[in-house]
Amino acid sequence: MLWYINSEKTNELEPRYPEATVSNNSAMIGKGYTSNFTGKIAEVRIWNRAISQAEIQGNMNRKLTGQEAGLVGYWPLDEGSGNQAIDRTPNQNHGNIRGGQWVEEANFKLTQPLLSPNLSLLRALWTFLDERRLLTTRHHVVGPDYVDVAIAATLHLKAGTRPDEVRQQAVASVVEYFAPLRGGTDGKGWPFGRDVYISELYALLDNVPGVDYVETVTLQGSDSSVPLQEHQLVAIQADRISLTIA
């Protein structure tokens, strides 16, 4: 059994039982044998497999869809009122909230980690290339250079939609689209040196559920594009996305 805190492994224990037992008893979140959890819970996720550290790091600061492979329970706890916690997976194991209270979102920011190779990986790549280079060739191995991009947009919503939900979904869509490993038009990661065009942001935001139309979008104060050099990737974080709901 592995324990992770903020995506870093902190402990490893031998399980007391060889495998989990099957039971019809209700699962309690935040309730212990002798005491209850005191604090704020942003989300609860249950998987039917052991996820890797890379998966933890890639998903820890973003909302899931509920359709991810191996995800059997996902409660984002974003209802904001009432006593029910909705399970967003197809299993639909909705829960009842007892004794808790809703608070404003606990600084749960949708971010993407700025991935960069560590020193050992850089050295390994340098050695690999050094053994295969031409004698007259000099080579350097470095990590990506990230270009911070701020986005501002005005969204007009369809009647009957909840502004907070639309805003959250819009931010999540933008962050995911520019993710270095999962972004881009093909979902295989934002390419190195790929410029950011304002036209694709219009299309991206216009497809967010609940958005009627997008009035204005600006990129770093530009109304056209943000150019990137061949060694650069784009870095767009949730706190750099300003959305006005009209």
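Counting starts from 1 at the beginning of each chain's written sequence and moves along it residue by residue. Whole-chain, interface and lining totals are the exception, using all residues; otherwise, since this is a predicted model, local features are given only for residues with pLDDT of at least 70 and side-chain atom pairs are given and counted only at 80 or more. Heavy atoms from the whole structure form the basis of all side-chain values; hydrogens and water molecules are not counted.

K.L.:
Which parts of the structure should I look at to understand the overall build of the chain?
P.N.:
Along the backbone of the chain there are four helices and 13 strands. With respect to the three principal axes, the spread of C-alpha positions in the chain is 70 × 55 × 30 Å. Here the chain holds 246 residues, and 31% of them are scored as buried. Long-range pairs, those at least 24 residues apart, make up 60% of the contacts in the chain between residues at least 6 apart in sequence. With the model as given, the accessible surface of the chain reaches about 16,700 Å², and the carbon-plus-sulfur share is 51%. Asp and Glu are treated as the negative residues and Lys and Arg as the positive ones, with His and the ends of the chain left uncounted. We put the charge of a Lys on NZ, of an Arg on CZ, of an Asp on CG and of a Glu on CD. Charged side chains of the chain number 22 positive and 28 negative; the gap between the two group centres comes to 5 Å. Helical segments are the DSSP runs of H or I of at least four residues, strand segments are the runs of E of at least two, and each set is numbered from the N terminus. In this scheme, a residue with accessible area under 20% of its type's maximum is buried, one over 50% is exposed, and one in between is partly exposed, where area comes from a 1.4 Å probe on protein chains only. Throughout, a contact is declared for two residues whenever any of their heavy atoms are within 4.5 Å. Note that accessible areas follow from Shrake-Rupley with a 1.4 Å probe, and for residues the cover is restricted to the protein chains shown.

K.L.:
What should I look at first to understand the pattern of salt bridges in this one?
P.N.:
For side chains of opposite charge, pairing can occur when their charged atoms come near one another. We define a salt bridge as a contact between a side-chain nitrogen of Lys or Arg and a carboxyl oxygen of Asp or Glu at a distance within 4 Å. Considering all chains together, one arrives at nine salt bridges under this definition. The partner of Asp-130 in a salt bridge is Arg-133, with the nearest N and O atoms 2.6 Å apart. On the basis of relative accessibility, which here comes to 26%, the residue Asp-130 falls in the partly exposed class. Given a relative accessible area of 32%, Arg-133 falls into the partly exposed group.

K.L.:
Sorry if this is basic, but what is going on with the packing of aromatic side chains here?
P.N.:
Geometrically, a pair of aromatic rings is defined through the distance of the ring centres and the angle of the planes. Paired rings are identified among Phe, Tyr and Trp, the last through its six-membered ring, by centres lying within 6.5 Å, and are further divided according to the angle between planes into stacked (under 30 degrees), edge-to-face (over 60) and tilted (the rest). Considering all chains together, one arrives at three aromatic pairs under this definition. For the ring pair Tyr-177 and Trp-190, a centre distance of 5.6 Å and an interplane angle of 70 degrees mean the geometry is edge-to-face. Remark: Trp-190 occurs in the loop between helix H3 (163-177) and strand E9 (196-197) and Tyr-177 occurs in helix H3; sequence separation between them is 13 residues. Judged by its relative accessible area of 3%, Trp-190 is buried.

K.L.:
Looking at this structure, I do not really get the side chain of Glu-200. What am I missing?
P.N.:
Residue position: Glu-200 is located in helix H4 (residues 198-206). A relative accessible area of 14% places Glu-200 in the buried class. Each residue touching Glu-200, except ones within four places of it in the same chain, is listed here: Tyr-177, Trp-190, Arg-194 and Asp-195.

K.L.:
Explain the environment of Glu-12 here, please?
P.N.:
In this fold, Glu-12 is placed in strand E2 (residues 8-12). Using a relative accessible area of 53% as the deciding quantity, one classes Glu-12 as exposed. Leaving out residues up to four positions away in the same chain, Glu-12 has contacts with Met-1 and Leu-2. Distance and chemistry together define a polar contact, namely a pair of N or O atoms within 3.5 Å, with one atom able to donate a hydrogen and the other to accept it when in protein, and with adjacent residues in sequence counting only for side-chain atoms on both sides. Within the structure, the side chain of Glu-12 is placed 3.4 Å from the side chain of Lys-9, a separation counted as a polar contact.

K.L.:
I keep staring at the nonpolar core and nothing clicks. Help me out?
P.N.:
Across soluble globular proteins, nonpolar side chains have a tendency to be buried as a group. Residues Leu-155, Val-174 and Phe-178 are the most contacted members of the largest nonpolar core, which totals 31 residues. Of all the elements in the fold, those that place two or more residues in this core are strand E8 (151-157), H3, H4, strand E10 (211-219) and strand E13 (241-245). Ranked by residues supplied to this core, first place goes to H3 with six residues. Setting aside anything within four residues of it in sequence, one finds Leu-155 in contact with Ala-170, Leu-205, Val-211, Tyr-213, Val-214, Leu-243, Thr-244, Ile-245 and Ala-246. Put simply, buried Ala, Val, Leu, Ile, Met, Phe, Trp, Tyr and Cys residues joined by side-chain atoms within 4.5 Å make one nonpolar core.

K.L.:
Is there a simple way to explain the sheet that holds E10 in this structure?
P.N.:
Strands in a sheet are paired, the pairing made by backbone hydrogen bonds, and the direction either parallel or antiparallel. DSSP calls a pair of strands paired once it identifies at least 2 bridges connecting them. The mixed open sheet is built from three strands, whose spatial order is E10-E8-E13. Edge positions in the sheet fall to E10 and E13, since each has one partner strand and no second. Looking at each pair of strands side by side, their axes are set apart by 20 degrees on average, direction ignored. An axis is simply a line fitted to the C-alpha atoms; with a helix, the fit covers only the stretch in contact. Between two such axes, the angle follows the N-to-C directions and lies from 0 to 180 degrees. Lying over the sheet, H3 contacts E8, E10 and E13, oriented at roughly 150 degrees with respect to E13. Seen against the sheet, H4 touches E8 and E10 and runs at an angle of roughly 150 degrees to E10.

K.L.:
What should I look at first to understand the packing of H3 against H4 in this one?
P.N.:
A pair of packed helices is characterised by two quantities: the angle between their axes and the separation of those axes. At a closest axis distance of 9 Å, the pairing of H3 and H4 adopts a crossing angle of 135 degrees. As the angle between them shows, H3 and H4 are arranged oblique. Between H3 and H4 lies a crossing of right-handed hand. Two secondary-structure elements touch here, H3 through Ala-170, Ser-173, Val-174 and Tyr-177 and H4 through Glu-200, Leu-201, Leu-204 and Leu-205. Oblique is the label for any angle not covered by the other classes, which are roughly parallel (under 35 degrees), roughly antiparallel (over 145) and roughly perpendicular (65 to 115). Crossing handedness follows the turn of the near helix against the far one: under a right angle anticlockwise gives a left-handed crossing, and clockwise gives a right-handed one.

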